[in-house]
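Fold and contact review
Chain by chain, the residues run as shown.
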Amino acid sequence: MQLSGVGVWSSQLRYGDPAEAADAAAELEELGYTAVWVPDVGGPVFDAVDNLLRATERIVVATGILNLWMHEPAEVAASYASLTRAHGERFLMGIGVSHAPLIDAGDPGRYRKPLAATASYLDALDSVDPPVPAGARVLAALGPKMLRLSATRAGGAHPYLVTPQHTASARAALGDGPLLLPEQTVILTTDAAEARAIGTEWLRSYLQLPNYANNLLRSGFTQEDVDSVSDRLFDAIIAWGDEAAILRRVSEHRVAGADHVCIQVLDTDPQAFPREQWRRIAAASA
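Note that the structure is a prediction, hence the values are computed from the model and not measured.

Conventions and cut-offs
- Residues numbered from 1 in each chain as written.
- Predicted model: local features only at pLDDT ≥ 70, side-chain atom pairs only at ≥ 80, totals over all residues.
- Heavy atoms only, no water.
- Core = buried A, V, L, I, M, F, W, Y, C linked by side-chain atoms within 4.5 Å.
- Buried < 20%, exposed > 50% of the residue type's maximum accessible area, 1.4 Å probe, protein only.
- Contact = heavy atoms within 4.5 Å.
- Phe/Tyr/Trp six-rings, centres within 6.5 Å; stacked < 30°, edge-to-face > 60°.
- Helix = DSSP H or I, 4+ residues; strand = E, 2+ residues; numbered from the N terminus.
- Expected span 1.5 Å × (residues − 1).

Turning next to the nonpolar core. Ranked by size, the top nonpolar core spans 59 residues in total, and within it L13, Y33, L52, F91, I95, W278 and I281 carry the most contacts. F91 has contacts with M1, F46, V49, L53, V61, T63, Y80, L83 and A136, leaving out every residue within four places of it along the chain. If you look at the next biggest cluster of nonpolar residues, it comprises 35 residues, including L142, V162, L216 and L266.

See below:
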């Protein structure tokens, strides 16, 4: 699968009202977005994917990410085959190992050897009949080992909560060919205080997860940056400002080697579909 342009990463499309999610996906397709990405933190993820595919004709629907601890490989492969038969090859399966505090909360000690667990899961997807093609899956990858696995066992990588500088290092690790599809969080406001009021606690919740915190430490941020959610870290992870500022950050990822960038819009109401912001960014990029 090939993927370029700009997409939308949205929890609302996954967990919001299904009818509104379908209507929003159809509009996003008409606005020129090339993919919609949905998370998987429980529940029937393939039903949500099917809902979005049914509502659209061209746009790619991707999981960002399918939690490998929550889904048996045979079930996943059967769902992939059913969705592609019904809708063509528009389903991109983002797969990830999630985070130890989340997985171990219900089953202490289950989360172990994440790289080996991911490789074993891919082995299982390769062995079922029909398999999930390597080119139809990407891995949630931050560190060098998972990025290398993304290049050799999948179609590429979907890094989350990263900077353009990370995108450049990820492209170097992947080499030419594999897809690099980073997520970029954005807030459409020119008021710094408003941006921080919207985004700080959201960002803090992610920084409590070791995978993200450690990746930022590898990227040159300090423990103090992480613990305090410093302005330096906030501004590096969350693009805020007017439409031009958002598009500049997207361009920085593209220049650094991204094939496609999916934007996640934060707003004052985390449950509401940020449709006006999606429209403004699309209009500015036209």
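The subject of this paragraph is the packing of aromatic side chains. What describes a pair of aromatic rings is the distance from one ring centre to the other and the angle between the planes of the rings. Per the counting criterion, the structure on display carries seven aromatic pairs. Here Y160 and Y212 contribute two aromatic rings whose centre-to-centre distance is 5.8 Å and whose plane-to-plane angle is 45 degrees, an arrangement assigned as tilted. Of this pair, Y160 sits in the loop between β7 (156–157) and α8 (164–174) while Y212 sits in helix α10 (residues 210–218), and the two are 52 residues apart along the sequence. You'll find Y160 and Y212 in the same group, each marked buried. Summarising the aromatic geometry, the rings of Y206 and Y212 are spaced 5.6 Å apart at their centres and angled 80 degrees between planes, so their arrangement reads as edge-to-face. The burial state of Y206 is the same as that of Y212; both residues are buried. Ring-pair connections join several aromatic residues into one group, and the members of that group are W9, Y160, W202, Y206 and Y212.

Attention now goes to helix α6 (residues 114–127). Between the first and last C-alpha of α6 there are 20 Å, a value that for 14 residues agrees with the 20 Å anticipated at 1.5 Å per step. The inward-facing, buried residues of α6 abut β4 (66–67), α4 (73–87), β5 (91–96), β6 (137–139) and α7 (144–153).

Moving on, we get to the environment of Y33. Mapped onto the secondary structure, Y33 falls in the loop between α2 (18–31) and β2 (35–38). On the accessibility criterion, Y33 (6% relative accessible area) is buried. Separated by 25 residues in sequence, Y33 and V8 place their C-alpha atoms 7.1 Å apart. In this structure, Y33 is in contact with V6, G7, V8, L28, I59, I263, W278, I281 and A282, ignoring residues within four places of it in sequence.

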